[in-house]
Amino acid sequence: MAQGKYSRVDGKKSSCSMSTVLVGIGVCLIGVWMFMSSPVFPGQNQNGSGQNPNGANQVFKSESRSKVSTVPSSQFEDNSGDLPENTMKDGADQEPASRFEESNTKEVETNNGDDNSSETEKSKSEDETGSNSDTNLPEKSDSEVEKEEKKSADDKKTESLPDVAQSEILRETKTETGAFSTQAAESANDKESKRSENGYKWKTCKVKTGADFIPCLDNVEALRTLRSTLHYEHRERHCPVEPPTCLVRLPQGYKIPIRWPKSREQIWYNNIPSTTLAKVKGHQNWVKVTGEYLTFPGGGTQFKKGALHYIDHIQKSLPDIQWGKRTRVILDVGCGVASFGGFLFERDVIAMSFAPKDEHEAQVQFALERGIPAISAVMGTQRLPFPSKVFDAIHCARCRVPWHIEGGKLLLELNRLLRPGGYFVWSATPVYQTLAEDVEIWKAMSKLTKAMCWELVVVYKDKLNQVGAAIYKKPTSNECYENREQNDPPICKSKDDPDAIWNVQLEACIHKVPVDSSVRGSNWPKMWPERLDSPPYWLKSTDNGVYGKPAPDDFTADYDHWKRVVSKSYINGLGLDWSSIRNVMDMRSIYGGFAAALRDLKVWVMNVVPLDSPDTLPIIYERGLFGIYHNWCESFSTYPRTYDLLHADHLFSDLKKRCKLASVIAEVDRILRPEGKLIVRDNVETIAEIEDMAKSLHWNIRMTYNKEQEGLLCVEKTLWRPTEVETLGYTFKPKSL
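Keep in mind it's a predicted model, so treat the numbers as computed, not measured. (Residues numbered from 1 in each chain as written. Predicted model: local features only at pLDDT ≥ 70, side-chain atom pairs only at ≥ 80, totals over all residues. Heavy atoms only, no water.)

This part is about the side chain of arginine 326. Within the fold, arginine 326 resides in the loop between helix 8 (307-317) and strand 9 (329-333). Despite being buried, arginine 326 has no salt bridge partner; aspartate 392 is the closest side chain of opposite charge, sitting 7.0 Å away. Not counting the four nearest positions on each side in its chain, arginine 326 is found in contact with Asp320, Ile321, Asp392, Gly421, Tyr423, Trp524, Met527 and Arg531. (Helix = DSSP H or I, 4+ residues; strand = E, 2+ residues; numbered from the N terminus. Buried < 20%, exposed > 50% of the residue type's maximum accessible area, 1.4 Å probe, protein only. Lys, Arg positive; Asp, Glu negative; His and termini not counted. Salt bridge = Lys/Arg side-chain N within 4 Å of Asp/Glu carboxyl O. Contact = heavy atoms within 4.5 Å.)

Spelled out as structure tokens, the structure:
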């Protein structure tokens, strides 16, 4: 029609040819199409993606699942933390670039139909004051949780995080062992675990020990095969062939634990409803039942009048011990309810306390519920899970260990653990009583310690507590060993590695003291707290560290990194209430940088060095921290519900190569308290897998964040327990017995 209309004017030819007209029409159509389809508006980023130009994924709840990059990246970078700066900006007209879901941490409610907000305030008040006795925290059934999740989905809100500096996720390269061997290689006893995957259908464990189940200590089936129990073999670890994937139930009437420091004096009775110790040890001021609480007067068998007086009396008797300066990390053997370790915090000393799971039921569980470090362990037939020459002092107060028998095998294990120049404080009846048995033991101990070249520094009596103690000092040279008339106990063979511990049998021999000034153990560490920040003197610049730098530089870079991450991301970025966090575990510690960065908080950190990781645990001890070796394909030697925060830095991606990830997460659920947090740093593939498992456990997903191929996840355990049960037969005695 256009051509007919404009082809002629007054009988003349049009000035536009047919091809020109067609080109013009085409240009117009293209212009209209571009105008209609363009999403760009003035002031909008031309990429139209809504993402930060630097390529970081800044939406925490991302559904994308990227593949793991094979391109190596740098471990340490000049960043301020993990979370990008613009994630923290508030604005009514803009979407926050990073989010975490509103936590329903406080949605722990009774079944009385009360309003959720009311229960929230009650729970908060109880947690802070410990005085609300009406708020029980029952287990939640599947149907209850599903209703809450549906309601939460309808009413979900988002909250922007507080401001932090521009930062990047830790991008971990493949770590190398550097100059460090692995504990697995040293011990040569770590069994390869089967690789298998299964679904995430959880069940509640039906076990003999109920809510207090410790898989490697409650394996009744394995105990039946023991040839002897004379050396406490039945108190040692005997893990099931297949780690459990079921969840441990909660005690009836369980409540969120009372906060530190009030927890040192009292805990909820319903959380650990055990009365045996109160009956047996109440007169010694260990623990008493007081209404709905278990109270701890601060006493013990050797310090009925209080632990602080006892601690200060040791310093008065031996000023050189210098609590909190020369002596920073100690081992407390047979700790009871760990009041000694609990009050050492006031002298800036940390104690690794341990006791067996025996007739003194729940003693270690009491300690952990109070907020005091402790593990379940026994001096039996195997070495304790610590490196050699790491404890500044070792303490035994009526710990019921027969040190003098069988060539002093057990005391020689303490000699392995004690630093040269360190002290052994032995507070026991043979020191100050004159009964025939005590006199006999004192003579045997005197003969043994002399043969071990331990110097008896002081014997003192505490009139207030009516007890006494003998304090010995380990030698700092081999001169005494070489001048002994008899080689008894013998010097250990050169092939006997004192740092090999996993399933290594005890030997009645003495390891020589290092004399080379560049070797660990030849010099005392720096005074506390200077030792925290300083690379140990025995780290050599000629040796590579875990991350490839010279070892001292590696140490410093790791510490600088964790100070940035903790300050900018964990404290200011995750929205955590750190006043509710006391017991912390770093599930894969390297140099202890994460724990060191938390020094100013009222927390303690159990640093775990996995068996197949570089053996850096001696470095952790050298800087005034403590930790333990462990194989995460097995359960940890602690009671259920004992940690407030678990931290896993690139752990799970490695573990799933060797063992079932479902069993590892079930173990995480076992040792984490309700409302406890798990922080995971790993590749995005593993982060996605852990997040899916956390959702299947009905945990709260507080935050997810990923950049490039690395991610950060923070989740919170809830009170949910499955209704379906799984019976673990190996925890029960056969009916025929």
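This is not the end of the story, as more comes after the structure.
Moving on, we get to the environment of threonine 209. Take threonine 209: it is sitting in the loop between strand 5 (204-206) and helix 6 (220-223). Owing to a relative accessible area of 28%, threonine 209 belongs among the partly exposed residues under this scheme. Expressed as a C-alpha distance, the spacing of threonine 209 and phenylalanine 732, which sit 523 residues apart in the sequence, is 8.9 Å. Threonine 209 has contacts with Asp218 and Lys357, leaving out every residue within four places of it along the chain.

What follows concerns the packing of aromatic side chains. This model, assessed by the stated rule, comprises 19 aromatic pairs. The interplanar angle of 75 degrees and the centroid separation of 5.2 Å between the aromatic rings of phenylalanine 391 and tyrosine 621 together place this pair among those described as edge-to-face. Placement of the pair is phenylalanine 391 in strand 12 (residues 391-397) and tyrosine 621 in helix 18 (residues 617-622), with a sequence separation of 230 residues. Its relative accessible area of 0% is what places phenylalanine 391 among the buried residues. Given a relative accessible area of 0%, tyrosine 621 falls into the buried group. On the basis of an interplanar angle of 25 degrees and a centroid distance of 6.3 Å, the ring pair of phenylalanine 424 and tyrosine 472 is categorised as stacked. Remark: tyrosine 472 occurs in strand 15 (residues 467-473) and phenylalanine 424 occurs in strand 13 (residues 418-427); sequence separation between them is 48 residues. The residues phenylalanine 424 and tyrosine 472 share a single accessibility class, namely buried. (Phe/Tyr/Trp six-rings, centres within 6.5 Å; stacked < 30°, edge-to-face > 60°.)

With that settled, consider the pattern of salt bridges. Where charged atoms from two side chains of opposite charge come close, those side chains can pair. Per the counting criterion, the structure on display carries 33 salt bridges. Here aspartate 348 and arginine 328 are joined by a salt bridge, their closest N and O atoms 3.3 Å apart. Residue aspartate 348 is found in the loop between helix 9 (339-344) and strand 10 (350-355), and its partner arginine 328 is found in the loop between helix 8 and strand 9; the two are separated by 20 residues along the sequence. A salt bridge links lysine 677 to glutamate 716; the shortest N-O distance between them is 3.1 Å.

A covalent bond bridging the sulfur atoms of two cysteines is what the word disulfide describes. Enumeration according to the criterion identifies six disulfides in this entry. Covalent S-S linkage joins cysteine 453 and cysteine 480, the inter-sulfur distance amounting to 2.1 Å. Classification of the bridge connecting cysteine 453 and cysteine 480 rests on its S-S torsion, roughly -85 degrees, and on that basis the disulfide is left-handed. You can see cysteine 453 sitting in the loop between helix 13 (436-451) and strand 14 (455-462) and its partner cysteine 480 sitting in helix 14 (residues 479-482), a full 27 residues away along the chain. Assessed through its relative accessible area of 34%, cysteine 480 is described here as partly exposed. (Disulfide = S-S within 2.5 Å.)

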